[in-house]
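Residue-level listing of the chains:
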Amino acid sequence: MLIAVDGPLASGKGTIARALAARFGLPHLDTGTLYRAVAVAVLEAGEDPVDAAAAEAAALALDPAKIEEAKIRTAGAGAAASIVSAHPRVRAALKSVQQTFARQPGGAILDGRDIGTVIAPDADVKLFVTASADVRASRRWSELVGRGETVSLDQVKSQLAERDGRDASRLDAPLMKAEDAFELDTSDMDEGEAIRAAIAIVEAAR
Ligand code: DC
């Protein structure tokens, strides 16, 4: 079974994808880590994420096995990831690693922004996870503060609006719901409720 989980920042898609992977015994790829790792490599090389050639070179050189979680989870890495991910050549360079993962014989689950639309349009089940901007901002803020970052809720709200705008308006593979995706709005759900709702959708669909 191939499951695609898409949605904006802090919608709960990562938590849901991990829980579905555990529930259905599927390997899971959080595709945002690839874009974040490219962004970190660009920044570490002293280059500008806006520079398409530098970002493409970093994407082509990326070794997914060497991604360092601590480095890619910062707000700065996320912001730069949103910039590098708008370059079509970066998306092209990262496509085959995602599709190879998706085509494993036993199935897989991938989460990101364009899994149901571009990477695995043939997925057996597609989920599009959403939540209101305020709910997503406060989730993201708690996560960053919990990790020791000093950032205000207002700063997170404006960063989120900026990233939502960039992810949804880029020309190549913008964030959008696949026509055949089930939409799951987690605004009024806690983690357990969101996971149970996602499991119910997958079970009903297969
Ligand atoms: O899900 P995330 O916050 O880790 O993603 C970081 C950035 O990577 C996000 O702003 C958009 C980009 N991204 C993408 O364009 N396509 C994906 N499939 C996953 C992430």
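Look up: the structure comes first, before these words.
Residues numbered from 1 in each chain as written. Predicted model: local features only at pLDDT ≥ 70, side-chain atom pairs only at ≥ 80, totals over all residues. Heavy atoms only, no water.

(A) Looking closely at the nonpolar core. Leu 2, Val 38, Val 90, Leu 94 and Leu 110 are the most contacted members of the largest nonpolar core, which totals 28 residues. Elements with a contribution of two residues or more to this core: β1 (2-6), α2 (32-44), α3 (52-61), α5 (75-84), α6 (88-102), β3 (108-112) and α7 (115-119). Discounting chain neighbours no more than four positions away, the residues touching Val 38 are Ala 55, Ala 58, Ala 59, Leu 62, Val 84, Val 90 and Leu 94. (Core = buried A, V, L, I, M, F, W, Y, C linked by side-chain atoms within 4.5 Å. Buried < 20%, exposed > 50% of the residue type's maximum accessible area, 1.4 Å probe, protein only. Helix = DSSP H or I, 4+ residues; strand = E, 2+ residues; numbered from the N terminus. Contact = heavy atoms within 4.5 Å.)

(B) Geometry of a nonpolar patch on the surface. Judged by side-chain polarity, Trp 141, Val 145 and Leu 153 come together as a nonpolar surface patch covering roughly 210 Å² of accessible area. Mapped onto the fold, Trp 141 is located in helix α8 (residues 133-146). For Trp 141, a relative accessible area of 31% puts it in the partly exposed group. (Patch = residues over 30% accessible without salt bridge, like charges linked within 9 Å, V, L, I, M, F, W, Y side chains within 5 Å. Areas by Shrake-Rupley, 256 points an atom, 1.4 Å probe, with all protein chains shown as cover. Salt bridge = Lys/Arg side-chain N within 4 Å of Asp/Glu carboxyl O.)

(C) Representation of the packing of α3 against α6. Packing of α3 against α6 leaves a shortest axis separation of 8 Å and a crossing angle of 5°. Between α3 and α6, the angle falls in the class roughly parallel. Taking contact as the criterion, the partners of Ala 55, Glu 56, Ala 59 and Leu 60 in α3 are, on α6, Arg 89, Val 90, Ala 93 and Leu 94. Here the contact of α3 with α6 is built from residues that sort into six nonpolar, no polar and two charged. (Axes fitted to C-alpha atoms, helices over the stretch in contact; angles between N-to-C directions. Parallel < 35°, antiparallel > 145°, perpendicular 65-115°, else oblique. Nonpolar A, V, L, I, M, F, W, Y, C, P; charged D, E, K, R; others polar.)

(D) Inspection of the side chain of Asp 114 at higher detail. With respect to the helices and strands, the residue Asp 114 is situated in the loop between β3 and α7. Excluding its chain neighbours within four sequence positions, the residues that come into contact with Asp 114 are Asp 6, Arg 91, Ile 119 and Ala 173.

(E) Fine view of the sheet that holds strand β4 (residues 125-130). If you trace the five strands from one edge of the open sheet to the other, you get β2-β3-β1-β4-β5, paired in parallel fashion. Looking at strand neighbours, the two that pair on one side only are β2 (28-30) and β5 (182-185), the edges of this open sheet. On average, each strand axis in the sheet is inclined to that of its neighbour by 20°, with strand direction left out of account. Across four bridges, the pairing between β4 and β5 is parallel. Counterpart to Val 129 in the pairing with β5 is Leu 184. (Pairing = 2+ DSSP bridges.)

(F) Representation of the packing of α2 against α5. In the contact formed by α2 and α5, the axes pass within 8 Å of each other and the chain directions differ by 100°. Relative to α5, α2 is oriented roughly perpendicular. Residues Tyr 35, Arg 36, Val 38, Ala 39, Val 40, Val 42 and Leu 43 of α2 form the contact with α5, whose participating residues are Ala 77, Gly 78, Ala 80, Ala 81 and Val 84.

(G) Layout of the pattern of salt bridges. Within the structure shown, the criterion is met by 16 salt bridges. The shortest N-O distance in the salt bridge between Glu 143 and Arg 140 comes to 2.8 Å. Of the two residues, Glu 143 and Arg 140 both sit in helix α8, three residues apart, roughly one turn of that helix. Where Glu 143 meets Arg 147, a salt bridge forms, and the shortest distance between an N and an O atom there is 3.0 Å. With a relative accessible area of 35%, Glu 143 lands in the partly exposed category. Several salt bridges share partner residues, and in doing so they unite Asp 30, Glu 69 and Arg 73 into one network.

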